[in-house]
Amino acid sequence: MTPDHIAYSMRASHGAPHITPHHIAAWERGTAWPTAHELTALAAALWCAPRDLMGRPRTLLEHRLARGVAAADLARLLGLKLDDYRAMEESGQWTGDQTQAAVLGRVLELSPRDLIAATGYEEELAHLLAEAVSSRWQAHIGAIAKLVSLDRRTLRDPLRTMHQEYQNLAAATLSRAGPTAGEAGERYLENIVDHFWSRLPER
């Protein structure tokens, strides 16, 4: 389909009367991006799902569009006012509680990693993981399991391994004090969330 055909279909049948071939051409070149409504209309005109037109979703808005769930429906399932939910999407700040986050994950079929990223809990996860590898990991497994909505048994081996890796770096720092050893430990902590997800079974 040409940009003219796509634009006409979006205007005539999919609720986007302002769209012109220039919009389509700009999206194809990557010099402009469709709004949420325009993306939905574009997918309908091309007979595909919005997620087929997107890269890997990261934000709450992108995940909702990828699943084709209406904002009003998702807000209702979460027990939120529509305006409150839309404010979360627009700000990129999740203000719901963990029970609502679990519902969000089920409705949008999010992996634990995507759910943590979409709800902005990565910083809290990084803090808990840093505490776990630098002290007794067993004391933190409950809080981590609750945050990522996974069974403790799934987390035991990854946390035990990460604890040992970090302790080995710390021991190396003490035995041969120097910038290289210390920087290795800092880098490990900076990337601790990635270390964590890479050690979990595929989901």
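Criteria and thresholds
- Residues numbered from 1 in each chain as written.
- Predicted model: local features only at pLDDT ≥ 70, side-chain atom pairs only at ≥ 80, totals over all residues.
- Heavy atoms only, no water.
- Helix = DSSP H or I, 4+ residues; strand = E, 2+ residues; numbered from the N terminus.
- Rg over C-alpha atoms; globule rule 2.2 N^0.38 Å.
- Contact = heavy atoms within 4.5 Å.
- Areas by Shrake-Rupley, 256 points an atom, 1.4 Å probe, with all protein chains shown as cover.
- Lys, Arg positive; Asp, Glu negative; His and termini not counted.
- Charge placed at Lys NZ, Arg CZ, Asp CG, Glu CD.
- Phe/Tyr/Trp six-rings, centres within 6.5 Å; stacked < 30°, edge-to-face > 60°.
- Buried < 20%, exposed > 50% of the residue type's maximum accessible area, 1.4 Å probe, protein only.
- Axes fitted to C-alpha atoms, helices over the stretch in contact; angles between N-to-C directions.
- Parallel < 35°, antiparallel > 145°, perpendicular 65-115°, else oblique.
- Left-handed = near helix turned anticlockwise from the far one by under 90°.
- Nonpolar A, V, L, I, M, F, W, Y, C, P; charged D, E, K, R; others polar.
- Salt bridge = Lys/Arg side-chain N within 4 Å of Asp/Glu carboxyl O.

Novice: Help me out: how do you make sense of the overall build of the chain in this one?
Specialist: Along the chain, the regular secondary structure elements total 13 helices and 0 strands. Taken over the C-alpha trace, the chain has a radius of gyration of 22 Å; the compact-globule value for 203 residues is 17 Å, which it surpasses by more than 25%. Expressed as lengths along the three principal axes of its C-alpha atoms, the size of the chain is roughly 70 × 40 × 25 Å. Within the chain, counting contacts between residues at least 6 apart in sequence, those at least 24 apart form 49% of the total. Carbon and sulfur atoms make up 51% of the accessible area of the chain, which amounts to about 11,700 Å² in all. Within the chain, one finds 22 positive and 25 negative side-chain charges whose respective centroids are separated by 6 Å.

Novice: Sorry if this is basic, but what is going on with the packing of aromatic side chains here?
Specialist: The description of an aromatic ring pair rests on the distance of the ring centres and on the angle between the ring planes. The full count for this structure, using the stated rule, is 2 aromatic pairs. The interplanar angle of 40° and the centroid separation of 6.1 Å between the aromatic rings of tyrosine 166 and tyrosine 188 together place this pair among those described as tilted. Highlighted residues: tyrosine 166 in helix α11 (residues 152–175) and tyrosine 188 in helix α12 (residues 179–190), separated in sequence by 22 residues. Take tyrosine 166 and tyrosine 188: they sit in the same class, and that class is buried.

Novice: Got a minute to help me understand the side chain of arginine 64 in this structure?
Specialist: Of note, arginine 64 is situated in helix α4 (residues 60–67). Apart from the residues lying within four places of it in its own chain, the contact partners of arginine 64 are Val69, Ala70, Ala71, Leu74, Tyr85, Glu89 and Leu108.

Novice: What exactly am I supposed to notice about the packing of helix α1 (residues 3–13) against helix α3 (residues 36–45) here?
Specialist: Helices that pack against each other are described as a pair by the angle of their axes relative to one another and the distance between those axes. Contact geometry of α1 with α3 gives a least axis separation of 9 Å together with a crossing angle of 115°. Taken together, α1 and α3 sit at an angle that is classed as roughly perpendicular. Of the two elements, α1 crosses α3, and the hand of that crossing is right-handed. For the pair α1 and α3, contact is made by Ile6, Ser9 and Met10 and by Glu38, Ala41, Leu42 and Ala45, respectively. Taken together, the residues of the contact of α1 with α3 sort by class into 5 nonpolar, 1 polar and 1 charged.

Novice: Looking at this structure, I do not really get the pattern of salt bridges. What am I missing?
Specialist: When the charged atoms of two side chains lie near each other, side chains of opposite charge can form a pair. For the coordinates displayed, the defined rule picks out 7 salt bridges. In this structure, the salt-bridge partner of arginine 64 is glutamate 89, at a minimum N-O distance of 2.5 Å. Within this pair, whereas arginine 64 is found in helix α4, its partner glutamate 89 is found in helix α6 (residues 82–91), the two being separated by 25 residues in sequence. Each of the two residues, arginine 64 as well as glutamate 89, counts as buried.

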